[in-house]
Every structure is written in structure tokens, then in C-alpha cells.
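What follows is the residue order along each chain.
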Amino acid sequence: MSAVSGFFASIGQAVLNLLRTFGGACLLLGRVIRSLFPPRFDVHETWRQLYHVGVRSAPIVAVTALFVGAIMVLQSAYFVKRTGATSLLGYGVGFTVFAEVGPILIGLMFSGRVGANNTAELGTMVVTEQVDALRALAIDPLRYLIVPRFIAMMLMLTLLMVLGDLFAIAGAALTSDALLGVDWRVLVANLIESKLLDELVMGVVKATTFGVAISCISCYFGLSVTGGALGVGRATNNSVVANATAIFMLDFVVGWIYSL
Amino acid sequence: MSAADPAVRIRVEGLGKRYRGEWVLDGIDLAFRAGEVVGLVGPGGHGKSVLLKHLPRLLDADRGRVVIDGHVLGTLRAFELARVRERFGYVFQNYALFDFMTVGDNIAFPLRQLAAKVRPDAAQILARVHQRLADVGLAHAFAQFPRELSGGMKKRVGLARATIADPEITLYDDPSAGLDPVTSSKIFALIDAMHRRVPTATTVVVSHDLDRMRAVCHRWVMIERGKVVFDGVTEAIAQASEVVRRFFGEAFS
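Residues numbered from 1 in each chain as written. Chains lettered and ligands numbered in written order. Predicted model: local features only at pLDDT ≥ 70, side-chain atom pairs only at ≥ 80, totals over all residues. Heavy atoms only, no water.

K.L.:
Now, about the packing of aromatic side chains: what can you tell me, with residues and values included?
P.N.:
Taken as a whole, this structure holds 10 aromatic pairs over all chains when the rule is applied. Ring centres of Y220 of chain A and F221 of chain A lie 5.5 Å apart, and the angle between their planes is 70°; this geometry places the pair in the edge-to-face category. Residue Y220 of chain A is classed as buried on the basis of its relative accessible area of 18%. Overall, the relative accessible area of 11% leaves F221 of chain A in the buried class. Pairwise contacts between aromatic rings join Y144 of chain A together with F98, F100 and F109 of chain B into one cluster. (Phe/Tyr/Trp six-rings, centres within 6.5 Å; stacked < 30°, edge-to-face > 60°. Buried < 20%, exposed > 50% of the residue type's maximum accessible area, 1.4 Å probe, protein only.)

Given below as C-alpha cells:
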């Protein structure tokens, strides 16, 4: 095979892999939605996942959001000082954090922590025959393992986004007060006056779609594991890359729909 | 044995499974009756565990079919298959214990997942779990996690979980793999005890531990290269082919 044909073959293979992942995740999403109407899933396992996915992710999301808010203020500091437009600081921070930077960074953080962990956990369950054990006990792995994770990730990433927005504002207010000398009350008042409800809602909608994508992609890779520990590592790696790609693509799609 | 033999609980008909172009099971015809303990033996990698996984349809056949009391597994809908699987107990080669649950929760799990109308109440489930743990000599391990147990203990927990609901069909996939001789003897003694508890159950044991299997198995099925090369009682081994006699060794001749 010549270098040129090898190049095109590798591109073709990459496209096929992408389509396979997309198709697999979409099929899984379809089966999950079908299991929700009427609801047929394990409630106890859902509570367990809500705790693991949501409560245990809250500290890392809060810290991330705190610094996101602080960084936005730092980035704006030069222009604020130069123009003296301190009254625009709240609007600038709110707009960027609520609509774009917040959802993306929190989504990536969530994907790295929860999505990767989910793929590794399900993959390990596959290679150690725990998924087969569920089936042998007449339990549908979709209803016991996948649907609770789907609900937990979708719901918790949405709530974590709201929590993240609050911490981002706190980070921005503290930084503006401490480093720029802009009273935090001025920033918060400006933020409220800016009426950024659309941006806030858009950020939360993005977080919900990210939660759906991360759950389906990470579960798909977890359940597709073959080849023991090596396969689990490979699937986890692929899951992180696919989740990050999906986050940026969905961010664009949701943003575009809002711009119509 | 006639096709209508009422004692036949599992019928395997022309079963074939292909991996990467190779038939790992090639036209298996077998019948497993109520009340018998069948030893499924043969060289490693020749299809025993694959055959076992076809019985509750954990794997789909590429050819042939498995029939459980008249139900053709390949044609059942999901909820019908679930009802059939509730009749099985399965001990996995690699334990397959749920590592996020304690030992007690692992064993209680099959009972807790039963439909509400047939599920025992919480106190009854707890009592049965404690009793079964005592039966397998692990009364102290109720609150421990699988990662805190030795291989032999995990096997016993797997055995307790598989049999907690007193299933009609119990499948053991290499229950003594990787265990020392003393622990292996304990495991086979437990298999025997579990069968005595439900004498009408159909039990299939895959193992290489022929000496210990001999104490519990009523009938032998030998698989080689995906085909059944022997199916009979211990006394029939002496009249079997050279390959079969060599596999079972002098003790069986």
C-alpha cells in the first residue's frame, strides 16, 4: 500500500470509527428513552448513582467554577482599568461564564471525572463477567446499570451547572474586589441589571445535553470493552476523547439554535 | 431417550458457535434431565464454558437451538427470557461478584430482584442470606466487600448467590479453578450439598478436577474441538474410545 492510499485508508477508518461510536451511542440513547416510558429501572441504583455522580462531583465543580469566574475577571481587568467601565464587568463575566466558558469547562471536568470513571467501571464489569452475572440473574443490564447512570448524569450535570454559575459569580466578585478594587456589590448589581436570563438558560440547556451525551458515550464505550485490562484502558481513553469532542460539537449546535 | 421424555429439562439441538471463522461449538446435541448432576469435561479451550453460557442464553448461537422445558430460548422475548433465567443459578469462573456490594447484598441480590408478588419480605431475605452464608462457612463475612476476600471465599460467595433462590438449574463454570486442593474439596462438597438440598435440580459442572467431580457427578459429557465425543455414566468410560479413556485416566478405566 502506498503512502497516499495508506493516508486515505486511515482517514476512512477514523470516519468509520466515529460513525460507529455515534451510531452506537444513539442506539443506546434510543433504548434508554424506551425504558423511561413507562419507567422501568432500578430506583435504589439510581439514588446510588445520583449520590456518586452529583454529590461527589460538587466540590470539584465548585472549585473549577470559582476559578473560572476569577479568570474571567482577570482577563477583563486590562480593559476595565483602561476604559474605567467597571459597570460592564458584571455583564462581561456573566455573559461569558453563563453561556460559554462555564458549561464547557464544567462539562469537560465532569466528563473527565464521571464519564471516564463510568466507562472504566462498566468495562471492568464486562471483563469480570459481572454484566453476564446480571443477565444470568434475569436482570436487564440496561435497566439496572445504564438507565440509572443516564438519569443521574443528565440531572446532576444540570444541577451542577447551576451550582457552578453561583460559584463562578462568587469567584468573580471576590477577585474583582480583591484585585481590581471594584466593590463586589457593584459587580453583582451589574450582573442582575444585565438580565442574562437567556444566557443562563442556554448554559443550563447545554449542560443537560452534555449530560445526555456523556452518559450515552461513556456507557457505550464501557459496554463495548473487549480484551481485559488493556481493553478497559483503551475504552476509557476513547471515551474521554469522544466526550470532549461531543461537548464542543453540542456547544456549537445549542449556541447556533439559540442564535436563530 | 425420546424427544418427549418429561424428565428432560434442557435440550441442546445442533448447537453451533463460531468465533473468528472457527466453529468452537460444532453441532452439539445433548439433553440434561431433572435431578442429574452432569460433569462437562474436556481439554481447555475446546468449548465447555461457551456451551455453558448458551444454556441461559448469555451467548447467542450461530446455529441450532437450546430448549428449556419446551421454550426455545432464541425465540423468546426479553421478559419471557427473564422468566426462564430466573430458574437458573450460575457460578462464574471469575466469581463475577458485584464489587460495589457487600457479601450480604451480593447474596441477597437475586431475591431482592424477584417480582414483588413472589419476593420474600426483607426479614425473610436477611434470614435466608445468613443461613446460606453459614452453610458455606462464611457467616462472619456478611458485611465484607468482595475485594477483602480470598479466591476460595469469593467462590463460596458466588456459590451462595447462585443457589440462594434454590434454582431448578445450576451451572458451575470451573468452580475450583485456581484453588488449593483443600478449598477445592470444600467447594465440591458444597456443590453436592446444594444438590441434595434440591434433588430435582439439574446441575452441570464444568471442571478439570476429575477426581473431585467423580464424587458428585452422575453422568459425563466430554467435549473436544467443539464436538461431543463422550456422553455417558462412569461405568461406560471403560468402553469408550481411546481418546476418552486417555483423558479420564486409569482411575476411571
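Having put the structure on the table, let's press on.
K.L.:
Explain the layout of surface pockets residue by residue, including any values.
P.N.:
The gaps of empty space that remain are located by a probe, the size of a water molecule, rolled over the atoms. Residues and elements named next belong to chain A. Computed from the structure, the second largest pocket encloses a volume of approximately 920 Å³. Lining the second largest pocket are 31 residues, and of these L18, T21, F22, I217 and A242 lie nearest its centre. When contributions to the lining of the second largest pocket are tallied by element, the ones reaching two or more residues are helix 1 (3-36), helix 8 (197-223) and helix 9 (228-259). With 11 residues, helix 9 is the single largest residue contributor to the lining of the second largest pocket. In terms of residue class, the lining of the second largest pocket is built from 21 nonpolar, 8 polar and 2 charged. (1 Å grid on protein atoms, 1.4 Å probe; cavity = no way out; pocket = protein on both sides within 12 Å on 5 of 7 lines; lining within 4 Å. Points joined across faces, edges and corners; volume = space filled by probe spheres on them. Helix = DSSP H or I, 4+ residues; strand = E, 2+ residues; numbered from the N terminus. Nonpolar A, V, L, I, M, F, W, Y, C, P; charged D, E, K, R; others polar.)

K.L.:
Kindly report on the sheet that holds strand 1 (residues 8-19) of chain B, identifying the contributing residues and their values.
P.N.:
Residue and element names in this part refer to chain B. With antiparallel pairing, the 4 strands of this open sheet are ordered in space as 2-1-4-5. On the outer flanks of this sheet lie strand 2 (22-33) and strand 5 (71-72), each paired with one strand and no other. For strand 1 and strand 4 (residues 63-68), the ladder comprises 5 bridges, and the chain directions are antiparallel. Each bridged residue has a counterpart across the sheet, and for R11 the counterpart in strand 4 is V67. (Pairing = 2+ DSSP bridges.)

K.L.:
Outline the pattern of salt bridges, listing residues and values.
P.N.:
Opposite charge on two side chains lets them pair, provided their charged atoms get close. This structure, assessed with the given rule, holds 30 salt bridges over all chains. In this structure, D132 of chain A and K53 of chain B form a salt bridge, with 3.2 Å as the shortest nitrogen-oxygen distance. Placement of D132 of chain A in helix 5 (residues 130-136) and of K53 of chain B in helix 1 (residues 48-54) is noted, with the two residues assigned to different chains. One exposure class covers both D132 of chain A and K53 of chain B, and it is buried. One salt bridge in this structure joins E242 of chain B and R246 of chain B, with 3.7 Å as the shortest N-O distance. (Salt bridge = Lys/Arg side-chain N within 4 Å of Asp/Glu carboxyl O.)

K.L.:
Account for the domain arrangement of chain B, with residues named and values stated.
P.N.:
All names here are of chain B. Split by domain assignment, chain B resolves into domain 1 (8-87 + 167-252) and domain 2 (96-151). Between the C-alpha centres of domain 1 and domain 2 the distance comes to 26 Å. At the junction of the two partners, domain 1 supplies 5 residues and domain 2 supplies 5 residues. With both sides pooled, the region where domain 1 packs onto domain 2 buries about 420 Å², and carbon together with sulfur makes up 62% of that total. The three residues of domain 1 that bury the most area against domain 2 are L190, M194 and R197, which together make up 68% of that side's buried surface. R197 is paired through a salt bridge with D135; the nearest N and O atoms lie 2.6 Å apart. Across the side of domain 1 that touches domain 2, the residue classes break down as 3 nonpolar, no polar and 2 charged. (Domains from an automatic or database assignment. Contact = heavy atoms within 4.5 Å. Buried area = accessible area lost by both parts, 1.4 Å probe.)

K.L.:
Lay out the interface of chain A and chain B in plain terms, naming residues and giving numbers.
P.N.:
Every contact between the two is made by 16 residues of chain A and, on the other side, 21 residues of chain B. For the pair chain A and chain B, the summed buried surface comes to about 1700 Å²; carbon and sulfur atoms form 60% of the total. In terms of surface lost to chain B, no three residues of chain A exceed E129, R135 and L137 of chain A, which account for 31% of the buried area on that side. Linking chain A with chain B are 2 salt bridges, by the criterion used here. Scanning the region where chain A abuts chain B turns up 5 residue pairs in polar contact (both at pLDDT 80 or more). Of all the secondary-structure elements, those providing two or more residues to the side of chain A that touches chain B are helix 2 (43-55) and helix 5 of chain A. Ranked by residue count, the leading element in the side of chain A that touches chain B is helix 5 of chain A, at 6 residues. (Polar contact = N/O pair within 3.5 Å; in protein donor to acceptor, adjacent residues only side chain to side chain.)

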